[in-house]
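Residue-level listing of the chains:
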Amino acid sequence: MHLSSVLKFVRQILTGDEFPRYILAERIAGLIYKRYKFSEYGRLFLYDDDFVRLYERFENTGNFHSLDRKYALDQLTKLSLFLDGDTAECGAYKGASSYLICRRNLKYQKTHHIFDSFEGLSDPVNEDGDYWKKGDLSCGEHVLRENLKEFSAVHYYKGWIPERFSDVADRKFCFVHLDIDLYQPTRDSILFFYERMTPGGIILCDDYGFTSCPGANKAMNDFFSDKAEEIVLLPTGQGFVMKQA
Ligand SMILES: C[S@@+](CC[C@H](N)C(=O)[O-])C[C@H]1O[C@@H](n2cnc3c(N)ncnc32)[C@H](O)[C@@H]1O
């Protein structure tokens, strides 16, 4: 690179032009952590300020690690909320995903069901590796209820999965979000919800494509190995299936 080009690049960065900053960030990241591949510049969802603000309201972690997953979830609901059936989430934490689902449900007057221990993760088993510990990601039920207070069509089921599933055994579902990180509750959730899904309905597993969640990955792969549905692995790390007729 000629000195004049370097100076031009530096001037662009100092004057606040976004694109050269992006290229610089990509180069630096490439030096420090090669495995991460920057995506294309200028993806529109990053300019959705309302969505980013909503994310920040729930995730006061100082990072945006699940912004793309939340966005993907929000978009995927569009494929199935017009179908018959309720929605559900297994593992709600502070309610970010449930908030997005409930917000979309308003248009279709759907009921949302939330299953959570409100005591964090259950005991990991061998399939889960050693990333997670019992009690991780614990959040009180009152926090979740406060965060979702603007929605009336929500039911809360406190307990270890699958203890409370019998409460909704007679319901049909069009969209189910699994976000419990571990093998046993993911396996038991798929077992329960699969046969209650409306054809065309979606089961979305937040943890399917992460090295930290081998148990959730195995639970999905095992279950769907002899089913008609293919698991779609998204580059966000999520995996989903669309229930066949
Ligand atoms: C990753 S957080 C969920 C994040 C949430 N979906 C969101 O949008 O932010 C995992 C949640 O699963 C719950 N959980 C984990 N293992 C569980 C189990 N075996 N039974 C019931 N709830 C469980 C935890 O209490 C926690 O709230």
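Residues numbered from 1 in each chain as written. Predicted model: local features only at pLDDT ≥ 70, side-chain atom pairs only at ≥ 80, totals over all residues. Heavy atoms only, no water.

Regarding the overall build of the protein
For clarity, the threshold we go by: Numbering of helices and strands runs from the N terminus; a helix is a DSSP stretch of H or I covering at least four residues, while a strand is a stretch of E covering at least two. Any pair of residues with heavy atoms lying within 4.5 Å of one another is described as a contacting pair. The method behind every accessible area is Shrake-Rupley, applied with a 1.4 Å probe, and residues are considered shielded solely by the protein chains displayed. Positive residues here are Lys and Arg, negative ones are Asp and Glu, while His and the chain termini are left out of the count. In plain terms, the charge of a residue is placed at NZ if it is Lys, CZ if Arg, CG if Asp and CD if Glu.
What the protein contains, in helices and strands, is eight helices and seven strands. In the protein, the proportion of contacts linking residues at least 24 apart, taken out of those at least 6 apart, comes to 69%. Total accessible area computed for the protein in this model is approximately 13,500 Å², and 54% of it derives from carbon and sulfur atoms. Side chains of the protein carry 31 positive and 37 negative charges; the gap between the two charge centres is 5 Å.

Describing the site of the ligand
The condition that has to hold: By convention in this text, a residue qualifies as near a molecule or strand provided that one of its non-hydrogen atoms is within 4 Å of it. Any N or O atom pair separated by 3.5 Å or less is treated as a polar contact, with the protein-specific requirement of one donor-capable and one acceptor-capable atom, and with residues adjacent in sequence counted only for side-chain atom pairs. As a working rule, the residues Ala, Val, Leu, Ile, Met, Phe, Trp, Tyr, Cys and Pro are called nonpolar, Asp, Glu, Lys and Arg charged, and the rest polar, with Gly in that last group.
E89, S97, D116, S122 and D179 are the nearest of the 21 residues found near the ligand. Here a nitrogen atom of the ligand sits 2.8 Å away from a polar atom, N or O, in the side chain of S122. Between the ligand and D179, the relevant distance is 2.7 Å, taken from a nitrogen atom to a side-chain nitrogen or oxygen of the residue. Coverage of the ligand by the protein chains reaches 96% of its 610 Å² of free accessible surface. For the shell around the ligand, the residue count by class is nine nonpolar, six polar and six charged.

Observations concerning the pattern of salt bridges
What counts, and what does not: The term salt bridge refers to a pairing of a side-chain nitrogen on Lys or Arg with a carboxyl oxygen on Asp or Glu at a separation within 4 Å. Relative accessibility decides the category of a residue: with a 1.4 Å probe and only protein chains considered, values under 20% of the type maximum give buried, values over 50% give exposed, and everything between is partly exposed.
Overall, the coordinates contain 13 salt bridges when judged by the stated rule. R145 is the salt-bridge partner of E141, the closest N and O atoms lying 2.9 Å from each other. With E141 and R145 both in helix 6 (residues 141-147) and four residues apart, the pair spans about one turn of that helix. Taking relative accessible area as the criterion, R145 reaches 40% and is therefore assigned partly exposed. Beyond isolated ion pairs, a larger network of salt bridges with shared partners links D74, R103 and R104.

Let's talk about helix 4 (residues 67-76)
The element helix 4 is largely enclosed, with a buried count of eight among its 10 residues. Taken as a whole, helix 4 has its buried residues at L67, R69, K70, Y71, A72, L73, D74 and L76. For helix 4, the elements touching its buried residues are helix 3 (49-58), helix 5 (96-108), strand 4 (173-178), strand 5 (197-205) and strand 7 (239-242).

Considering unusual backbone geometry
Looking along the chain, the bond that leaves I161 and enters P162 is cis, with omega of 15 degrees. Mapped onto the elements, P162 comes out in the loop between strand 3 (154-158) and strand 4. One non-glycine residue with positive phi stands out, namely Y93, at about 50 degrees. The phi dihedral of F118 falls on the positive side, at around 55 degrees, and the residue is not glycine. Among the structural elements, F118 can be located in the loop between strand 2 (112-116) and helix 6. Judged by relative accessible area, which is 7%, F118 ranks as buried.

A word on a nonpolar patch on the surface
Formally: A patch is a set of surface residues, each over 30% in relative accessible area and not in a salt bridge, joined within 9 Å for like charges and within 5 Å for the nonpolar side chains Val, Leu, Ile, Met, Phe, Trp and Tyr.
Side chains of L24, I28, L31, I32, Y33 and Y36 sit close together on the surface and give an oily, nonpolar patch of about 690 Å² of accessible area. Assignment of secondary structure puts I28 in helix 2 (residues 18-32).

Describing the nonpolar core
Which entries qualify depends on this criterion: The nonpolar core is taken to be a set of buried Ala, Val, Leu, Ile, Met, Phe, Trp, Tyr and Cys residues, with the residues joined through side-chain atoms within 4.5 Å.
One finds L76, I114, L144, L148, F175 and L204 to be the most contacted residues of the largest nonpolar core, which totals 32 residues. Elements represented by at least two residues in this core include exactly helix 3, helix 4, helix 5, strand 3, strand 4 and strand 5. Sequence-distant contacts of L148, defined by excluding residues within four places in its chain, comprise G95, S98, Y99, I114 and Y156. Within the second largest apolar cluster, 30 residues are counted, among which are F115, Y157, Y194 and F224.

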